[in-house]
Amino acid sequence: MSRPSPLERLFNPSSIAIVGASTQSSKAGYQMLKSLAGFAGRIYPINPSAETILGFAAYANLRTVPAPIDLVILTIPAEACAGVLASAGELGAGGAIVISGGFADIGEAGVARQDDLLSTARQGGVRLLGPNTSGFIAPARGLRATFAPGAETLEAGGLAIVAQSGGINLALAFIAKREGFGVRLAVGLGNAADVGAADVLDYLADDAATKAIALHLEGVSDGRRMFETLRRVTRIKPVVALPVGRTAINAFARSHTGNLLGDFALTRAALVPAGAVVVDTTDDLIDAAATLASVRLEPKRRPGVGIVTGQAGPGLLIADALNAANVAIPELSEPTVARIRDHLPPLTYMRNPVDTGRPGASFASVLEIVARDGAIDALLVYALHEPDALDAGEVLSRTRGALDKPLVFGTGAAPDDAQTTMAALWQVGVPSFGAPDRAARAMRALVADAEAAARNLERIGTAAPTVAAPVRGPLDEAAAKALIAAAGIACPRHVACASHGEAHDAFATLGGPAVVKVLNPAIAHKTEAGGVHVGIEDVGALRRALAAIDAIPGGPHRYLVEEMASPGIELILGARRDASWGASVLVGLGGIAAEALGDVAIRLAPLARDDAEEMLRELRGRALIDGWRGAPVADRAKLIDAIVAIGGLIASHPEISELDINPLRASQDGRLLALDALVVL
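About the thresholds
- Residues numbered from 1 in each chain as written.
- Predicted model: local features only at pLDDT ≥ 70, side-chain atom pairs only at ≥ 80, totals over all residues.
- Heavy atoms only, no water.
- Helix = DSSP H or I, 4+ residues; strand = E, 2+ residues; numbered from the N terminus.
- Buried < 20%, exposed > 50% of the residue type's maximum accessible area, 1.4 Å probe, protein only.
- Contact = heavy atoms within 4.5 Å.
- Areas by Shrake-Rupley, 256 points an atom, 1.4 Å probe, with all protein chains shown as cover.
- Lys, Arg positive; Asp, Glu negative; His and termini not counted.
- Charge placed at Lys NZ, Arg CZ, Asp CG, Glu CD.
- Disulfide = S-S within 2.5 Å.
- Salt bridge = Lys/Arg side-chain N within 4 Å of Asp/Glu carboxyl O.
- Phe/Tyr/Trp six-rings, centres within 6.5 Å; stacked < 30°, edge-to-face > 60°.

Q: For the overall build of the protein chain, give the residues involved together with the corresponding values.
A: When helices and strands are counted, the protein chain shows 22 helices and 29 strands. Dimensions of the protein chain, computed from the C-alpha atoms along their principal axes, are close to 95 × 75 × 40 Å. Within the span of the protein chain, comprising 681 residues, buried residues form 55% of the whole. A separation threshold of at least 6 residues defines the contact pool for the protein chain, and within that pool the share at least 24 residues apart is 70%. A total of about 27600 Å² of accessible surface is found on the protein chain, and carbon and sulfur atoms cover 53% of it. Computed over 61 positive and 72 negative side-chain charges, the separation of the two mean positions in the protein chain equals 3 Å.

Q: If you had to explain the state of the cysteines to someone new, which residues and values would you point to?
A: For the structure shown, the criterion picks out zero disulfides. Unpaired in this structure, C497 has its nearest cysteine sulfur neighbour in C491, at a distance of 16 Å. Here C497 falls in the buried class, since its relative accessible area comes to 1%.

Q: An account of the environment of V600 is requested, with residue identities and associated values reported.
A: With respect to the secondary-structure elements, V600 resides in strand β26 (residues 600-604). Relative accessible area serves as the criterion here: at 30%, V600 is assigned to the partly exposed category. Taking C-alpha positions, V600 is 35 Å from S432, a pair spaced 168 residues apart along the chain.

Q: Explain the pattern of salt bridges to me, using residue names and the numbers behind them.
A: For the structure shown, the criterion picks out 37 salt bridges. Among the salt bridges present, the one from E179 reaches R178, with a minimum N-O distance of 2.9 Å. Where D283 meets R178, a salt bridge forms, and the shortest distance between an N and an O atom there is 3.0 Å. Here D283, found in helix α10 (residues 282-294), pairs with R178, found in helix α5 (residues 166-178); they are 105 residues apart in sequence, far enough to count as distant. The exposure class of R178 is exposed, given its relative accessible area of 52%. One network of salt bridges, with partners in common, ties together R127, D194, D199, D202, R225 and R232.

Q: Requested: an account of the packing of aromatic side chains, with residues and values cited.
A: The tally for this structure, following the rule as stated, stands at five aromatic pairs. An angle of 45° between the planes, with centres 5.3 Å apart, marks the rings of F11 and Y203 as tilted. In this pair, F11 is assigned in helix α1 (residues 6-11) and Y203 in helix α6 (residues 197-205), connecting sequence segments 192 residues apart. What makes F11 buried here is its relative accessible area of 0%. When its relative accessible area of 13% is taken as the criterion, Y203 is described as buried.

No statement about biological role is implied by the geometric values presented.
Right, here's the structure in full:
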């Protein structure tokens, strides 16, 4: 018989040894042993000074344990951990949890200690959770490998939690309990020296009892692996992610788990295309994951949501929230509206949302009519709990099968009444919430998951176009433009000049009006340095421009003489290589304004044309591309080509760390031109 996989022995052990088990109730080793009291397997406390602890026979060290050990839990000082872990590996242990801090979480002083711990684990074939972790909880197995009090109250269910922070892992597990959701596995990764989020996601993907995964991230050391893992896992089961890092908290994050946060926008740009549903709060994380554990929409690019409400005010809040999240609320067909009119008073709104007024006997019929409309893929139903008039929850339970569409229910009631109603609906696969905004966020998660699944099905792989020759530098603007031109992005006609004479010859060839720029790879911000002169129409203006460039410190300089482009819409198109996520592409509107206002969209590279189209749709100022108030209309096909080309360029050239085209001008003559280009190697 083959041995279980290392992660199986870590998360589903038959035997556990607790090194540092203590007789003192204030110690983590005591609390850990107490939490494990319900474990059905063998437990071996390790303490050389005790004979028994909490009724378990204690052993002096691992070598005195009389049977094989699957999992070793270390609750001892950091400096002693590597030696004990070496013994665990020699004895054939499959997994280890290091509770102690004092590793990379304390900075450089602890990094070497963590490296030694990881090396020891790998030499011994032991999968390591932590260090600096609160452990994990698997209620269905009676396994609560944590020192946190209250873990014994957590109930089994289909929701898995994977959290960078042990504290957040426990907080999420208790939020799930508060809302009545059971947990399959709740893991705090801590410093994640060995077992990281991607490892646990892979493990859970093959666990049939896991229905959905709630993922908390403080930092990602290998973003590309995370991206590919998520793409694979979300094809099997939903993942909801809560990334941290919207503000400048890097120093605190390093002190916490030893991870340096990546750029938040880039992290989000990676998680969403990989198939994850991204949320902003812990409550939303649990609500969304529990919803998706209960029901999942079929993959679809833009699912339509039908809203049926018993009260107009909550219906407006729900519709507003879904519209703000770009969820489709399609107008119902005329035949559908005509059938609804047979059941509702004439003053109510019926085209979607459908306002039933105070729900009555026709409520079930209205639900069925809306559900049968061809534009509707899911229903969100809201009604106050009014059992003397109509128990909407009971109606939903009774008509659930006839509706044949995924449902989310929102209600308002006295707490006890609401809990009873909602619990009954959860049992029949209807996610139910006691507030309209929570119901709306749950529906938004269903839709986001369906849209992500559709993208993943359509996009098995993306080929990266390549520029054959390796890029060597440093590159000035002329060399940078030659590179992007080779990738298929047009530039204005230009000539690189080494002298005033060559500049005059170039001006005579190109004609006016022209632009004259300093050509020096050491000057990245040419305008600020006084190195950009536009509207050059005669020889006198040319001489003055050249003289101004000569006066810039750091010369002698070369010159770029370039034709002026026609007016148009200015965009920024760039790419950069992140230490974690690798190559990515950014597009935004407005040149400098895009950077100031943050109106940009980001994707990992390489990317497909569908990705580029989605990026343009994400821009808040996207109407400008289509000729806002008589402005030039950008050629979307050319713009999409340019986005894809830049993604291919940086993806195929690891020597490029950053590439910027700012501005990229969509001219009124139909051209798309790179007016300035910067390439950093």
